[in-house]
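Here are the chains, one letter per residue:
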Amino acid sequence: MSEADIHFYFDPVCPFAWMTSKWVRLVQSQREYTVDWRFISLRQINAHVDYDTHFPPEYEAGHTAGLRLLRVLERTRQEHGREMVGTLYAALGARIFDSPPPTEQDRTENGFDVRGTEALVGPVLDQVGLPRTLLEALDDDGHDFTIRAETDEALALTGKDVGTPIIHFQPPEGTAFFGPVISRLPSDEDAVRLWDHVVGLAGFPGFAELKRSLRELPQLRALGVADDEVGIERESPSTTHPVAVRMTITTRQAPPRTR
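Everything numeric here is computed off the predicted structure, so don't read it as measured data. (Residues numbered from 1 in each chain as written. Predicted model: local features only at pLDDT ≥ 70, side-chain atom pairs only at ≥ 80, totals over all residues. Heavy atoms only, no water.)

1. Describing the pattern of salt bridges
Pairs can form between side chains of opposite charge whenever their charged atoms are close. The condition is simple: Any carboxyl oxygen of Asp or Glu that lies within 4 Å of a side-chain nitrogen of Lys or Arg is treated as forming a salt bridge with it. In this text, helices come from DSSP runs of H or I with a minimum length of four residues, and strands from runs of E with a minimum of two, each type numbered from the N-terminal end. Partly exposed residues are those whose accessible area sits between 20% and 50% of the maximum for their type, while under 20% is buried and over 50% is exposed, using a 1.4 Å probe and protein chains only.
Tallied over the full model, the rule gives 18 salt bridges. Among the ionic pairs, Asp196 bridges to Arg31, the shortest N-O distance being 2.8 Å. With a gap of 165 residues between them, Asp196 in helix α8 (residues 188-202) and Arg31 in helix α1 (residues 15-31) connect regions that are remote in the sequence. On the basis of relative accessibility, which here comes to 30%, the residue Arg31 falls in the partly exposed class. With a closest N to O distance of 3.0 Å, Arg77 and Glu150 form a salt bridge. Here Arg77 is found in helix α4 (residues 59-80), whereas its partner Glu150 is found in helix α7 (residues 144-158), with 73 residues between them in sequence.

2. Remarks on the confidence of the model for the protein
The following threshold applies: Scored between 0 and 100, pLDDT is the confidence that the predictor attaches to each residue. Residue contacts are defined here by distance: any two heavy atoms, one from each residue, within 4.5 Å place the two residues in contact.
Residues with a pLDDT of 70 or more make up 87% of the protein, whose mean pLDDT is 86. This stretch, residues 238-259, has a pLDDT under 50; its non-local contacts, to residues over four places away or in other chains, come to 86 contacts.

3. Side note on the pairing of strand β1 (residues 6-10)
For a regular strand, the rule is simple: side chains alternate between the two faces of the sheet. Our working definition: Strand pairing is assigned whenever DSSP identifies at least 2 bridges connecting the two strands. Here a crossover is taken to be right-handed if, once the strands point away from the viewer, the path from the first strand over the helix to the second is traced clockwise.
With five of its five residues buried, β1 lies for the most part within the structure. As judged from the five bridges shared by β1 and strand β2 (residues 35-39), these two strands associate in the parallel manner. Its bridge partner being in β2, Ile6 is matched across the sheet by Val35. Handedness of the crossover is the feature at issue here: the chain leaves β1, passes through α1, returns alongside β2, and the resulting connection is right-handed.

4. Section: unusual backbone geometry
For the peptide bond that leads from Thr164 to Pro165, omega is 5 degrees, which places it in the cis range. Counting through the fold element by element, Pro165 comes out in the loop between α7 and β5 (166-169). Of the consecutive residues Pro171 and Pro172, the connecting peptide bond is found in the cis state with omega at 5 degrees. Relative to the elements of secondary structure, Pro172 occurs in the loop between β5 and β6 (176-178). Of note in the backbone geometry, Glu32 takes a positive phi value of approximately 60 degrees without being a glycine. Of note, Glu32 is situated in the loop between α1 and β2.

Here it is, written out as structure tokens:
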């Protein structure tokens, strides 16, 4: 397989990664970029963390759901090819984030966050034409080694003080960065303009980080914010723990080109 123009590392339960992925798809369609959708697990990144003291109560279950979904995505990649990862991620993200929020009683299924259960994943597999045998991967921790390796690969590009998503543009030599974290989906024209600004800034020699800890709740129906509304601005939880999502770009500089 030839190298894709963009490597996009995501955790499927991260709302900011989902919003950024929708932006990248807008750019992809206009620039004819190819994207390889890769994995980074917030649950694995935080394996050493005491969730009770570092995160709100629902985070551990949410991160675990993300790992369970990544197992299904990894098996999908093994059995149906890399392109199907992007297709399945798009369908999962739409179901999780672009649908009305579940009621309190529907948030769990058999003790798990519903996002990482057969109840949610099964119909999504049907929707994209994938077999329900992939549901077996939800509980199969045999996929975790590969997910861990890809998580480490992503963190090696930017350093560990980041969250999701991580984008690597023009790999293997090109610029890599965490983010950008955006709360609103730009128009087609603004999507490309934002891309050029982000890549230009991230690729500037010596640039490391641009950060704001205030951020809006993303324009996602699952979070109660409609497309024509602006989410409440609040302090990012990352101020108390760095691997939570924050509005920053942390980069790896591309080496000088010799050709």
